[in-house]
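Take a look at the letters that make up each chain.
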Amino acid sequence: MSGVLEKQELKIVGTRPVRPDGADKVTGKAVYGGDYHLPGMLWGAVLRSPHAHAKIISIDTRKAAALSGVKAVATHSDFRESDDSDEINAGETMIDIDAAAQMCLAKDKVFYDGQPVAAVAATSAEIAAAALDLIDVQYEVLPHVIEIEDAMREDAPVLHDDMFTQGMPETPKTASNVSMRLEKITGDADAALDDADVVVTRRYTTQMVHQGYIEPQSCVASVSADGQAQIWCSSQGAFMVRSVAAAITGMNLSDLRVVPLEIGGGFGGKTTIYLEPVALVLSRKSGRPVKLALSRDEVFRSTGPGPGTIMELSLGATKDGILTAAVMDLKYQVGAFAGSGCGAGVMHALGCYRIENTRVTGCDVVSNMPSTNAYRAPSAPQAEFAVECAMDEIAEQLGMDPIELREKNGVKPGDPSFSGAPLGQVAFMETLAAAKSHPHYSAPLGPNQGRGIAAGWWVNHGGESTVMVSINEDGSAVVATGNPDIGGSRASMAMMAAEVLQIPMQKVRPIVADTASIGYSMLTGGSRTTFATGRAVCEASAEVVEILKSRAAMMWGVEPDQVEWHDGEARCTAPGSDEAPLGIKQIASQTAKTGGPINAEIVVNPHDALPTYGVHICDVELDRETGHVSVVRYTAVQDVGRAIHPSYVEGQAQGGAVQGIGWALNEAYVFDANGRMDNSGFLDYRMPVASDLPMIDTLLVEVPHPTHPFGVKGVGEVPIVPPLAAVTNAVSHAAGMRFFDLPLTPDRVYAAINSQS
Amino acid sequence: MTYHAPANVEEAISLLGSQDNAWPVAGGTDLLVQMRSGRIKPGAIVDIKQIARTMGTSAKDGGFVIGAATPCTALLKDDALCKAWPGLVEAANLIGSVQVRNRATIGGNLCNASPAADSVPALIAADARCVIAGPQGEREIAAAELPAGPGRTNLGKGEFLVEIVLPPREAMSSDAYLRSIPRTEMDIAVVGAGVSLSRDKDGVCTQARVALGAVAPTALLVADAGEALVGSQLDDSALAKMEEAVKAACSPIDDKRGTIDYRIAMAAVYTKRAAKIAYDRAGEGA
C-alpha cells in the first residue's frame, strides 16, 4: 500500500477540475433539506416562547389537537427522560442531551425568545399555523438578562438553579450564571509585565454573531409501525443527527437511519440539531411522515450563533520586540445553556507566539439568548482579535513593522504547543514571509485609507472516518464517505482516489452515504474532512490497487509482487513475460472468476492533524464625514499543507475572510427591552453583500503535512480568525485612533472620531 | 381572502370600497412580506396592474406622468425621464435588489408609508403630485401629503393612487438622492436626502427643494433648507446654512438602524452631498 502512496508525481491533485456535484447545484437540481417531500407527508410547525425568561406553568394543546387536519401535537413530555450526564461526542464539542432536548422543545422553563414550546403536525402548513394559535401556554414571566456583565452581577436573575461554576478550586454553593472557569499559566506573568519595556493594556468586546448559512434547517422524519425510522435532512454529520435524535427520543441507533441531503452552508452551526427529534415524535404519533422547516426568523431566534465576548489583555514586550508577558481574561457570552465558550479561546489566544510568561483566564456566562454553538474556528476569532490588535499597538509603539514583530515571536516546528508537546511541521514563518513579500503589503495607500494586518491560527482536527472504495465492472469507481459535502469535499475525495488509482477523475464518483450504508464517521467540523476522511480515501484506494494487482497476477499466473500498477493498468514484471498490460476494466470485468467484487473499506482515526496559520492584509477607506468603512483591498495568505483542489481552498479562504469582515463591520444581535430579538432577518442583521467587498485575493502557502498521503492540512476554519483584527487595525490606522469594540458600524466609528476631535 | 384584478379604475374603486379589509397591490414587495409576517391579514387583494393608467411613463404638459404600478426598473427605460429627474429615478432604483425592483413600484413605495422609503424624499423634492381615485371621483394632492405616519396614509376608504405627476422642468435643473446605509445596497435608509434645484447660467441657484427621509414620522420637505441655497453658488456658507436648517427639521428616533444623533448628523452630510450632485448635474450642458 505504502508503495502506491509514496509515488508522488501528481497528475490530478493540485489541478482544478469541475466538481462532481457542480452541475446539479448550479441548475437547481440538487436536493437540499427544504426540497424533500414524501407522499402523505404532514407539515409541522413550532410554537415559540415570546418571552426571554419565563416559567412554563401549563401547556394546553387540546384545542389545537381538535382542529380538523391536525394529526399530532408534541411537547417536551414526549421525549425520553434524559439524565443530566447524557452527553454525545460531536467531535470538537460535547452535546448535552438534556440541553439539546430543551432547545427542541422547552421543559419547564424558557430561557430565550424563540425557544420552542410545542409543535403540531397537520395536513397543510396553513392548518399547522392555525393550530399553533390554539395552544394555550401559561407563563410566569421572569426578569431576564442579556449582557455578560449584567449576568455576572450578584443580583442577576439566575437562569439555572443547578448551575454551580465548574473549574474553581472549590465548587461554589450558590448557583450563578457562570457555568465554568478556566486558567492556564506559564511562568510568572505579573513579574514579567513589570519588567517589560512596553506594555499594552486594553479591553476588547465582540458581539454574538450568526453563521448566516443560506439554507435554514429542514427535515422530514418518518417512523414506521414497527418503530424503525428514517430522517432526511441536511447537517454537518448524519451520524451526529442519528446520535442526538435517538438519544432525545429514546431510540436504538440501529432503528434510525439518517439520509444526508445537500447542505446549504453550516460553518459549525449545523453540528447540532433543533428539529429532527420533534419531527420524529410527531411522525411517531401521527403515523405519517412529517416535515419541519425553519424560517430565517426562526433560524436567528432559535439556533446557536457564536458567542460574544469581553476580553481584557495586557501584553508586554522588550524594546527589541520580544514578547515576554501576557495576562488575559476572556468572558464568553454562551447563551441559554452551558458550552461553546472560552475553552478554545483560552487555548488559541496566544498560540501564534512564543511567550514565556502567560496567565490566561476564561469563563462562560449564560444569559437569555439563543444557546451558542460552533461557528468556524469556534471561540478563536474573538480571543485572537484581542491579541492581534494589541500586537499592532506594540509594533506601533516600538516603530516596528507589524509582520516583523510577528516573525520575531511566531511559533516554529518544535516549539511547545498548548499541551506542551512540541509542534509539528507548522508553517507560520513561511506564511508571514509570504505576506511580507506580497505586492499588496507594500502598495501605496490613498487618502483616508489605512492598512491593517493580522495573523491567526486554528488547531485543526482528525477524528474517526469510514470510507469505502468500490470498483465497478467497467473500471469506474465509487468512493463512499459519511461526511457531507460542504466545501467541495466530493471533488477532493474523487481527486485523491483518482490520483491513487491512476485513473481519470471523471471515472470516480464520490457519494455521501447514509448512516446505514457506511460505517461511522465523525461530523464535518474542525477542518477535518479532507485531512482525515481524505486519508481514508487514499488508504482505501491504495488497498484497491493492491487487490487489482493480485487479480492481475492471478489472471497471469504470476506472483502479486511481479505486478506493477501504472496509469490505471497492471503491468507484468515477471522475468521473460511478454503479457500485455491489463487495464482496470479488464480486471474488473473478470471478478466473478478471480475472487469476487473489488472494494475496500477503511477506517481511520488520525490524531496528527497540524495547526494552520493565516496572515491577512486589509486596506480600508474611511469616510470621515459619515464613519462609513469600505474594505478596498484584501489579501488572505494561508498555510494550507497542500491544496487538493486549489479553487475550493481559495474559496475557503475567501469565505472565511468575508464572514470575518462582516463580524468586524456590521454584524450584531439587537434585543428590545423585553429581551426579544429585534433584527431577526438579513435586512437588519447585516452580513456583507457582494457590493460591500472587493475581490478577496488569496495566496496559498504549501508546506505539506509530512505524514498525510498528500500533505493535507485543515483549511476551512483558520481564515475567519485574522479578519476581525486585520479590519480593526486598518480602521485604526485610517482614523488615527484605536478601536476596541466590534462591530465598527458607521455610527460607532462616527461617534468615536467626533468624540476625539 | 379573495384576489381581484380589475381592468379599470371604477371597478377597482368599487372593489376597494365594498370588500372587507381590501388592500390594493401593485408589485406586492411590501404587501406580501407583511402578510407572511402576519402583520396584516387582508380580506381581499385588489391588483391594480391591469388598469392601463397605472402602468408606464409618459410625457405630459411639459412634465411626466408615472403610473402608480410602474416597476422601478421600468423608469430606467424612459430616457427623457432619466434626463429630467435622474435623482428620482436613482432613488426608486436603490430599493431592495434588481429582482425586487422589477416588481416594486414607486407608487407602492409611497403608499407603504415607510418614513425611510427611498423614492419619497425624491418625489417630495420634485414637487410631485399624486392623482388619487376614489368613490368621490379623482383628487390631486402633493406627494408629501400622502403618508400620514409610519404605515398610514391619507387615502380614504375605496381610494387608491393611480398616477404620479411630475411638473415641467426648467432648463438647468436637476435633482439627486442619497441615503445613509451601513452596507452598500440591500438596505433601508438610516437617512435619505433628496434635493431638486435650478440654477442660472452664472451658476446661481434660483430654486431649490430639500426633502428628508427617516428623520421624522413621514418624509419631510425642509423649505428653509432649500431657501438657504437660493441665490448662492452653493458656497460653504450657503451649504452650512442649509445644513443647520436640515438639522433643525429632524426629529428622528433611536432604533436598531441608527441613533438620533447619528441620523441628524447624517441628514446634514447627505443633503450637502446630494445638493452638490444636483447642482453639478444642473450645470451640465450649460
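Asker: Where do I start with the overall build of chain B in this structure?
Answerer: For chain B, the count of helices and strands is 11 helices and 14 strands. Expected size for 286 residues packed as a compact globule is a radius of gyration near 19 Å; at 19 Å, chain B falls within 12% of this value. Within chain B, residue pairs in contact and separated by at least 24 positions form 64% of the contacts whose partners lie at least 6 positions apart.

Asker: Help me out: how do you make sense of the overall build of chain A in this one?
Answerer: A count of helices and strands for chain A gives 22 helices and 28 strands. Radius of gyration (C-alpha) of chain A: 27 Å, near the 27 Å computed for a compact globule of 757 residues. Its C-alpha atoms give chain A principal-axis dimensions of about 90 × 75 × 50 Å. Looking at chain A as a whole, 57% of its 757 residues are labelled buried. Sequence-distant contacts in chain A: of pairs separated by 6 or more residues, those separated by 24 or more amount to 80%.

Asker: I'm lost on the domain arrangement of chain B in this one. Help?
Answerer: One frequently used descriptor of interface size is the decrease in accessible area upon assembly of the parts. Residue and element names in this part refer to chain B. Split into domains, chain B comes out as domain 1 (2–47 + 55–166) and domain 2 (173–283). Among the secondary structure elements, those contributing two or more residues to the side of domain 1 that touches domain 2 are α5 (86–92), α8 (119–125) and β8 (147–149). Residues of the side of domain 1 that touches domain 2, tallied by class, amount to 17 nonpolar, 4 polar and 3 charged.

Asker: What's the story with the pairing of strand β26 (residues 612–623) of chain A in this structure? I'm lost.
Answerer: Every other side chain in a regular strand lies on the same face of the sheet, so the side chains alternate between the two faces. Residue and element names in this part refer to chain A. Counting buried residues along β26, 10 of its 12 residues qualify, which places the element largely inside the surrounding structure. The pairing of strand β18 (residues 449–458) with β26 spans 10 bridges and is antiparallel. Bridge pairing links Gly 450 to Val 620 in β26. In this antiparallel pair of consecutive strands, β26 and strand β27 (residues 628–639), the connection spans 4 residues, and Gly 627 shows a positive phi of 80°.

Asker: For this particular structure, what's the right way to read the sheet that holds strand β2 (residues 22–25) of chain B?
Answerer: Each strand in a sheet pairs with its neighbour through backbone hydrogen bonds, running either in the same direction (parallel) or in the opposite one (antiparallel). Residues and elements named next belong to chain B. Strand order in the open sheet formed by 3 strands is β1-β3-β2, and the pairing between neighbours is parallel. The strands lining the two open edges of the sheet, one partner per strand, are β1 (2–4) and β2. On average, adjacent strands in this sheet sit at an angle of 20° to one another, irrespective of strand direction. The pairing of β2 with strand β3 (residues 44–47) spans 4 bridges and is parallel. Of the residues in β3, the one forming a bridge with Val 25 is Asp 47. Strands β1, β2 and β3 of the sheet are contacted by helix α1 (residues 9–18), whose axis makes an angle of about 165° with β3.

Asker: How should unusual backbone geometry be read in this particular structure?
Answerer: Note on backbone geometry: most residues besides glycine have negative phi, and most peptide bonds are trans. Between Leu742(A) and the following residue, Pro743(A), the backbone shows a cis peptide bond with an omega angle of 0°. For Pro743(A), the position within the fold is in the loop between α21 (723–735) and α22 (746–756). One non-glycine residue, Gln502(A), adopts positive backbone phi at about 60°. On the secondary structure map, Gln502(A) appears in the loop between α16 (489–501) and β21 (508–512). In this model, Met186(B) sits at a positive phi of 55°, which is unusual for a non-glycine residue. Among the structural elements, Met186(B) can be located in the loop between β11 (173–180) and β12 (191–199). Of the residues examined, Met186(B) has 19 C-beta atoms within 10 Å and is grouped as partly exposed.

Asker: What exactly am I supposed to notice about the sheet that holds strand β22 (residues 563–566) of chain A here?
Answerer: Residue and element names in this part refer to chain A. Strands sit in the order β22-β23-β24 across an open sheet of 3 strands; the sheet is antiparallel. A strand with exactly one partner marks an edge of an open sheet, and here the two such strands are β22 and β24 (582–583). Along the sheet, helix α17 (residues 529–556) makes contact with β22, β23 (569–572) and β24, crossing β22 at roughly 130°.

Asker: So what exactly am I meant to see when it comes to the interface of chain B and chain A here?
Answerer: Counting from both sides, the interface comprises 15 residues of chain B and, opposite them, 16 residues of chain A. In terms of residues, the side of chain B that touches chain A owes the most to one element, helix α11 (residues 260–283) of chain B, which gives 4 residues. Of the residues in the side of chain B that touches chain A, the class split is 7 nonpolar, 4 polar and 4 charged.

Asker: What exactly am I supposed to notice about the domain arrangement of chain A here?
Answerer: Residue and element names in this part refer to chain A. By domain assignment, chain A separates into domain 1 (2–12 + 462–604) and domain 2 (421–458 + 610–757). Each of domain 1 and domain 2 has a C-alpha centre, and the two are 39 Å apart. Taken together, the contact between domain 1 and domain 2 spans 15 residues of the former and 14 residues of the latter. If you list the elements that add at least two residues to the side of domain 1 that touches domain 2, you get α16 and α17. The element best represented in the side of domain 1 that touches domain 2 is α17, accounting for 5 residues. Its residues assigned to classes, the side of domain 1 that touches domain 2 shows 6 nonpolar, 7 polar and 2 charged.

Asker: Teacher, can you tell me more about the packing of helix α12 (residues 380–398) of chain A against helix α13 (residues 402–409) of chain A here?
Answerer: The angle between the axes and the distance between the axes are what describe a pair of packed helices. All names here are of chain A. Contact pair α12 / α13: the axes reach a minimum separation of 9 Å and the direction vectors enclose 110°. Comparing their axes, α13 and α12 come out roughly perpendicular. Along the contact surface, α12 presents Met 391, Asp 392, Ile 394 and Ala 395, while α13 presents Pro 402, Leu 405 and Arg 406. Its residues assigned to classes, the contact of α12 with α13 comprises 5 nonpolar, no polar and 2 charged.

Asker: Would you mind showing me how to read the confidence of the model for chain B here?
Answerer: Predicted coordinates in regions of low pLDDT should not be interpreted in detail. Mean pLDDT over chain B works out to 96, with 99% of the residues at or above the 70 mark. What the predictor reports for the complex is a pTM of 0.97 with an ipTM of 0.95.

Asker: I would appreciate a short explanation of the environment of Val537(A) in the present structure.
Answerer: Residues and elements named next belong to chain A. Checked against the element boundaries, Val 537 lands in helix α17. Its 33 C-beta neighbours within 10 Å are what place Val 537 among the buried residues. Residues Val 537 and Ala 734, 197 residues apart in the sequence, show an inter-C-alpha distance of 48 Å. Excluding its chain neighbours within four sequence positions, the residues that come into contact with Val 537 are Val 467, Val 469, Val 479, Met 493, Met 496 and Ala 497.

Asker: Is there a simple way to think about the packing of helix α4 (residues 97–104) of chain A against helix α8 (residues 238–249) of chain A in this case?
Answerer: All names here are of chain A. Close contact between α4 and α8 brings their axes to 10 Å; oriented N to C, the two are set at 85°. Relative to α8, the element α4 lies roughly perpendicular. On the side of α4, the interface is formed by Ile 97, Ala 100, Ala 101 and Cys 104, while α8 contributes Val 244, Ala 247 and Ile 248. Of the residues assigned to the contact of α4 with α8, the class counts are 7 nonpolar, no polar and no charged.

Asker: Teacher, can you tell me more about the environment of Ala246(A) here?
Answerer: Residue and element names in this part refer to chain A. Summarising the element assignment, Ala 246 is placed in helix α8. When the C-alpha atoms of Ala 246 and Lys 63 are compared, they prove to be 30 Å apart, with 183 residues separating the residues in sequence. Contact partners of Ala 246, with chain neighbours within four places excluded, come to Met 251, Asn 252, Leu 253 and Leu 256.

Asker: Help me understand the nonpolar core in this model?
Answerer: Across soluble globular proteins, you tend to see nonpolar side chains buried next to one another. Core analysis: the biggest nonpolar cluster contains 337 residues, and Val120(A), Val278(A), Ala497(A), Val727(A), Leu212(B) and Val246(B) have the highest contact counts within it. Excluding residues within four positions of it along the chain, Leu212(B) makes contact with Pro121(B), Val191(B), Gly192(B), Ala193(B), Ala219(B), Leu220(B), Val222(B), Val246(B), Ala249(B), Cys250(B) and Ala267(B).

Asker: Please clarify how α4(A) should be interpreted in this entry.
Answerer: Turn by turn, an α-helix covers 3.6 residues, leaving residues three or four places apart pointing in a common direction. With 7 of its 8 residues buried, α4(A) lies for the most part within the structure. Taken residue by residue, α4(A) has Ile97(A), Ala99(A), Ala100(A), Ala101(A), Gln102(A), Met103(A) and Cys104(A) as its buried positions.

Asker: Would you explain helix α20 (residues 646–665) of chain A in this entry?
Answerer: When the terminal C-alpha atoms of α20(A) are compared, their 28 Å separation across 20 residues agrees well with the 28 Å that a helix rising 1.5 Å per residue should span. Counting buried positions over the 20 residues of α20(A) gives 15, a clear majority of the element.

Asker: Please clarify how the environment of Arg101(B) should be interpreted in this entry.
Answerer: Residue and element names in this part refer to chain B. Residue position: Arg 101 is located in helix α6 (residues 98–101). On the neighbour-count criterion, Arg 101 (22 C-beta atoms within 10 Å) is buried. Placed 168 residues apart in sequence, Arg 101 and Val 269 show a C-alpha to C-alpha distance of 27 Å. Beyond its immediate stretch of four places on either side in the chain, Arg 101 contacts Pro 71, Cys 72, Thr 73, Asn 93, Ile 95 and Gly 96.

Calculation rules
- Throughout, a residue's number is its position along its own chain's written sequence, starting from 1.
- Chain letters and ligand numbers both follow the written order, the letters beginning at A and the numbers at 1.
- Thresholds applied to this predicted model are a pLDDT of at least 70 for local features of residues and 80 or more for the giving and counting of side-chain atom pairs; totals over whole chains, interfaces and linings are not thresholded and use all residues.
- Strands here mean DSSP runs of E at least two residues long; helices mean DSSP runs of H or I at least four residues long; both are numbered from the N terminus.
- The globule rule is 2.2 Å times the number of residues to the power 0.38, and the radius of gyration it is compared with is taken over C-alpha atoms.
- Whether two residues are in contact depends on their C-beta atoms, placed from the backbone: they are in contact if these lie within 7 Å.
- Any residue surrounded by 20 or more other C-beta atoms within 10 Å of its C-beta is treated as buried, while 12 or fewer makes it exposed and the intermediate range makes it partly exposed; C-beta atoms here are placed from the backbone.
- These domain limits were set by an automatic method or by a database of domain assignments.
- Only Asp, Glu, Lys and Arg are considered charged, only Ala, Val, Leu, Ile, Met, Phe, Trp, Tyr, Cys and Pro nonpolar, and every remaining residue, Gly among them, polar.
- Any two strands between which DSSP finds at least two bridges are classified as paired.
- Note on method: axes are straight lines fitted to C-alpha atoms, helices fitted across the in-contact stretch only, with angles between N-to-C directions ranging 0 to 180 degrees.
- Comment on the angle field: the value is read as roughly parallel under 35 degrees, roughly antiparallel over 145, roughly perpendicular from 65 to 115, and oblique elsewhere.
- Summary of the metric used: pLDDT quantifies the predictor's per-residue confidence within the range 0 to 100.
- By definition, a nonpolar core groups buried Ala, Val, Leu, Ile, Met, Phe, Trp, Tyr and Cys residues that connect through C-beta atoms lying within 7 Å of each other.
- Expected helix span is computed as 1.5 Å times (number of residues minus one).

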